[in-house]
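Structural overview for review
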Amino acid sequence: MQAIHLAIFEALRAEQVFTQALLWLARHGATLGAALVAWVIVRHPQERIHACAVVLAALLASAIAHALADSLGFVRPYMAGLGTPRIPHGARGGLPSAHASVMFTVALLLWRRPNLRLTALAATLLAVLTSWGRIHANVHFPIDIAAGLLLAVVLATAVHLLPRGLSHLSRRTARSPVQALALDDAAPTIRAG
């Protein structure tokens, strides 16, 4: 498995005709992703609440990804002697990729809204290219990106299911006093005797 992983890494980081574009995206792709969400907030007033939820989910994705990377401590390619970093980068753990976690979380949540599908497509393409750029820059292995994508899927699913869970909970706890009394009267009573 390790040989396959390294072969994929080598293929993805190999010199490309568009190396400079990939390296630029590796550094600035997240900023473009944030600009996409800001564009949704400005251009789609009916989606502002959803866009704010996307921002909160992205912040949560970043926090979780950084906490996991710090606790797991997996080395980055350049830390393992597989080339030098092609963009400035610190020496913290690389799995999962925080960039992939955040950008795929944003893209997945944008796909939930039918009138944001074009923006979701742009966010997905941006997440894929930025992730590839970070592999190309020797700051992530493909497995780091895959772990970031997995984290994004989990978070996007949780964000999608959260309103349903809260709605169900509020329906259960928001019974009227008359309903509560009726339910209490219907409950069997045990008499001592």
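Residues numbered from 1 in each chain as written. Predicted model: local features only at pLDDT ≥ 70, side-chain atom pairs only at ≥ 80, totals over all residues. Heavy atoms only, no water.

Turning to the overall build of the protein chain, a few remarks are in order. Helices and strands together make up the secondary structure of the protein chain, namely seven helices and zero strands. Each helix and strand of the protein chain, ordered N terminal to C terminal, gives the series α-α-α-α-α-α-α. Relative to its full complement of 193 residues, the protein chain shows a buried share of 35%. Within the protein chain, residue pairs in contact and separated by at least 24 positions form 78% of the contacts whose partners lie at least 6 positions apart. (Helix = DSSP H or I, 4+ residues; strand = E, 2+ residues; numbered from the N terminus. Buried < 20%, exposed > 50% of the residue type's maximum accessible area, 1.4 Å probe, protein only. Contact = heavy atoms within 4.5 Å.)

Looking now at the confidence of the model for the protein chain. Predicted confidence across the protein chain gives a mean pLDDT of 86, with 82% of residues reaching 70 or more. Averaged over each element, pLDDT in the protein chain is lowest for helix α7 (residues 177-186) (51) and highest for helix α4 (residues 98-111) (97). (pLDDT = per-residue confidence, 0-100.)

A complete count under the given rule lists two salt bridges for this structure. For R113, the salt bridge goes to E47, with nearest N and O atoms at 2.8 Å. Residue R113 is found in the loop between α4 and α5 (117-136), and its partner E47 is found in the loop between α2 (19-43) and α3 (48-72); the two are separated by 66 residues along the sequence. For E47, a relative accessible area of 5% translates into the label buried. Among the salt bridges present, the one from D70 reaches R92, with a minimum N-O distance of 2.8 Å. With a gap of 22 residues between them, D70 in helix α3 and R92 in the loop between α3 and α4 connect regions that are remote in the sequence. Taking the relative accessible area as the measure of exposure, D70 reaches 45% and is therefore partly exposed. Residue classification places R92 among the partly exposed residues on the basis of a relative accessible area of 37%. (Salt bridge = Lys/Arg side-chain N within 4 Å of Asp/Glu carboxyl O.)

In a soluble, globular protein the nonpolar side chains are often hidden away together inside. One finds F104, V106 and L110 to be the most contacted residues of the largest nonpolar core, which totals 26 residues. Mapped by element, the contributors of at least two residues to this core are α2, α3, α4, α5 and α6 (142-173). Here this core gets seven residues from one element, more than from any other, and that element is α4. In contact with F104, other than residues within four places in its own chain, are A127, V128, S131, I145, L149 and A152. Among the nonpolar cores identified, the runner-up in size contains six residues, and Y78, I87, A137 and V139 belong to it. (Core = buried A, V, L, I, M, F, W, Y, C linked by side-chain atoms within 4.5 Å.)

Turning our attention to the packing of α3 against α4. Following both chains from N to C, one finds α3 and α4 inclined at 155 degrees, their axes separated by 8 Å at the closest point. Looking at the two axes, α3 sits roughly antiparallel to α4. Crossing of α3 over α4 shows right-handed handedness. Mapping the contact onto sequence places H50, V54, A57, A58, A61, S62, A65 and H66 in α3 and A98, S101, V102, T105, V106, L109 and L110 in α4. Residues belonging to the contact of α3 with α4 are distributed by class as follows: 10 nonpolar, five polar and no charged. (Axes fitted to C-alpha atoms, helices over the stretch in contact; angles between N-to-C directions. Parallel < 35°, antiparallel > 145°, perpendicular 65-115°, else oblique. Left-handed = near helix turned anticlockwise from the far one by under 90°. Nonpolar A, V, L, I, M, F, W, Y, C, P; charged D, E, K, R; others polar.)

Between its first and last C-alpha, α5 extends 28 Å over 20 residues, near the 28 Å set by a 1.5 Å rise per residue. Within α5 the residues assigned to the buried category are T119, A120, A123, L126, A127, T130, S131, G133, R134, I135 and H136. Among the residues trailing α5, N138 stands out with phi positive, at a value near 65 degrees. (Expected span 1.5 Å × (residues − 1).)

Next up on the list: α2. The largest bend in α2 is about 60 degrees, located at H28. All of the buried residues in α2 are T19, L22, L23, L25, A26, G29, G33, L36, V37 and V40. Summarising the contacts, the buried residues of α2 are in contact with α3, α4 and α5. (Bend = angle between axes of the 7 residues up to and from the residue.)

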